[in-house]
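# Working through the structure, step by step
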Amino acid sequence: MRNGLVTSALIAALALVPLGAQTRITPPSNKYTPAQDVELGMQAAAEARQQLPLMRDDAVTSYIERLGKRLEGVIPPNLQQPAFKYSFETVNVRDINAFALPGGPMFVNRGMIEAANSEGEVVGVMAHELSHVLLRHGTAQASKAGKYQMGQIAGAVLGAIIGGTVGQVVAQGTQFGLGASFLRFGREYERQADIMGAQLMARAGYDARDMAAMFRTIEKQGGPSGPEWLSDHPNPGNRSAYIEKEAQALRVSNPVSDRSGFDRVKSHLRSLPKAPSSEEVAKAGAGNRPQPGPTANGRLGPVEPPSSRTREYSEGNIFRISVPSNWRELPGSNAVTFAPEGGYAQEQFTHGVQVGILRNERHELDVATADFIRSMASSNRGLTQRSQSMPTVVAGRRGLQTLMSNVSEATRTAESVLLFTTRMRDGTLFYVISVAPDADFRTYEPVFQQVVRSIKLND
Ligand SMILES: [Zn+2]
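Below is a short write-up of the structure.

What counts, and at which threshold
Residues numbered from 1 in each chain as written. Predicted model: local features only at pLDDT ≥ 70, side-chain atom pairs only at ≥ 80, totals over all residues. Heavy atoms only, no water. Core = buried A, V, L, I, M, F, W, Y, C linked by side-chain atoms within 4.5 Å. Buried < 20%, exposed > 50% of the residue type's maximum accessible area, 1.4 Å probe, protein only. Helix = DSSP H or I, 4+ residues; strand = E, 2+ residues; numbered from the N terminus. Contact = heavy atoms within 4.5 Å. Axes fitted to C-alpha atoms, helices over the stretch in contact; angles between N-to-C directions. Left-handed = near helix turned anticlockwise from the far one by under 90°. Donors = N, O, S within 2.8 Å, 3.2 Å for Na, K, Ca; no water. Pairing = 2+ DSSP bridges. Phe/Tyr/Trp six-rings, centres within 6.5 Å; stacked < 30°, edge-to-face > 60°. Lys NZ or Arg CZ within 6 Å of the ring centre and 35° of its normal.

Judged by nonpolar contacts, the single largest core of 56 residues is most densely connected at Met112, Met126 and Ile218. Among the elements that take part in this core, helix H5 (residues 119-134) stands out by supplying eight residues, more than any other. Excluding residues within four positions of it along the chain, methionine 112 makes contact with Asp95, Ile96, Asn97, Ala98, Val125, Met214, Ile218 and Trp229. Within the second largest apolar cluster, 27 residues are counted, among which are Ile321, Val336, Phe420 and Val432.

In structure tokens, the structure reads:
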């Protein structure tokens, strides 16, 4: 009897020893409220969405969203922030980078996915980024700097992201140091994000050693100054070693077994045109003007009538839309175009719709619409307004529709342009430009109306 008891106590003790204990992480002190994290992050995210070429390719975006949601679902209770709004978006840029903003918005570069060797590696970077958000490192760092200003921060953050040169932004003046601090962390916070990230990974069903593997991959792929990600997230020293040590102390309770999505996304990415570098994006000043999608690969020719069957697309967490199933999605940096084969070429489309958001000055809908029409007319000399803007319903809310005439630059024939506009909750303009040759407009107009009715905004 007595011997038996001792033995089982010993076995229990032995069973516990190899597991060790996970490292306890204490969030640093912070002068900001979680609500301020959200406000600052939302401002910066809105700018990021305007400036960066987001991927609108559902195969990729929904995959990254799924991984993000998996991590979001395992946030430990003591770090849950009811005010935070997590989002996981993909940027069509080939540089190996990712960043997360206070309060939840995360952006993962296509280049990061392309560099990764496994799903666990992608999750590793995302878990690290999410940990900065959960531990509120951005505003904690701003608190340390002794600054406490809400203005101009978002702009500075964006300067840092877009320019790809956080260092220069910091050097320009101390007021920008605060903004850049959302993205660039010291060794102590890096170590915290690594350890917390490892713990999140294990909870989400991944081996945290994949995170260490990804960091080694990133280090190997660096150019002369290393990838941007590494200068924003410097190696505190012995990174791989302490992540692997933490991984040994963690138990992966429900390992994710189906990781075939990773291979599918990787091969899909290989089939797409190469993404631009962040430098090219910065030079092109994407976001300062509406741009048509990359329709250059198309060729004008015979166009099939719109299919009566529809296909739904989800666009960068911003809206969903259903279009005829024989139209193609042509993502662009600020707008997405849906057009049939034969109906687009060389930055032009002759049939279809272009949907986008214009984040410029906020005005009443009629004023914003008139401004937008003026800007369209300045780049399309043949464009004339055929009638006053009429009230209509766009995406279930109050909108305007405006009929215009144009001479297609591509075909030199008369075309009708029906513009739909409404306001996003934050006051920015949401628009749908629908186009068909005059000869086909009677067929297309009901289709355009149906497409506009199908739109659901997630603002
Ligand atoms: Zn970091």
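Two elements in contact, helix H3 (residues 58-72) and helix H14 (residues 260-271), have axes separated by 10 Å at closest approach and are oriented at 145 degrees. Seen along the crossing, H3 lies across H14 with a hand that is left-handed. Contacts between H3 and H14 pair Ala59, Val60, Tyr63 and Arg66 from the former with Gly261, Phe262, Val265, His268 and Leu269 from the latter.

Let us look at the coordination of the zinc ion. Around the zinc ion, the donor atoms from the protein are His128 (NE2), His132 (NE2), Glu190 (OE), Glu190 (OE) and His233 (ND1), and they sit 1.9 to 2.4 Å away. When the donor residues of the zinc ion are listed from N- to C-terminus, their spacing reads H-x3-H-x57-E-x42-H. Placement of histidine 132 in helix H5 and of histidine 233 in the loop between helix H12 (228-232) and helix H13 (239-249) is noted, with a sequence separation of 101 residues between them. Here histidine 132 matches histidine 233 in class, with each residue buried.

Take the pairing of strand S3 (residues 105-109) next. Counting buried residues in S3 gives five out of five residues, a clear majority hidden from the surface. The alternating pattern of S3 places Pro105, Phe107 and Asn109 and Met106 and Val108 on opposite faces, both of which are buried. Two strands pair when backbone bridges link them, and strand S1 (residues 87-91) and S3 are joined in this way by five bridges, in the parallel orientation. Among the inter-strand pairings, threonine 90 is bridged to a residue of S3, identified as valine 108. In the sheet, strand S2 (residues 98-100) pairs with S3 via three bridges, with the strands oriented antiparallel. The residue of S3 that forms the bridge with alanine 100 is methionine 106.

This brings us to the packing of aromatic side chains. This structure, assessed with the given rule, holds 10 aromatic pairs. With 4.5 Å between their ring centres and 40 degrees between their planes, phenylalanine 372 and tyrosine 431 make a pair best called tilted. With phenylalanine 372 in helix H16 (residues 365-379) and tyrosine 431 in strand S15 (residues 429-437), this residue pair connects regions lying 59 residues apart in the sequence. Given the relative accessible area of 1%, tyrosine 431 is considered buried. Ring centres of tyrosine 444 and phenylalanine 448 lie 5.8 Å apart, and the angle between their planes is 40 degrees; this geometry places the pair in the tilted category. On the criterion of helical spacing, the pair formed by tyrosine 444 and phenylalanine 448 is a turn pair, its members being four residues apart in helix H17 (residues 441-454). In this pair, the class of tyrosine 444 matches that of phenylalanine 448, namely buried. Sitting above the plane of the tyrosine 242 ring, arginine 191 keeps its charged end 4.5 Å from the centroid. Over the face of the ring belonging to phenylalanine 215 we find arginine 239, whose NZ or CZ atom lies 4.5 Å from the ring centre.

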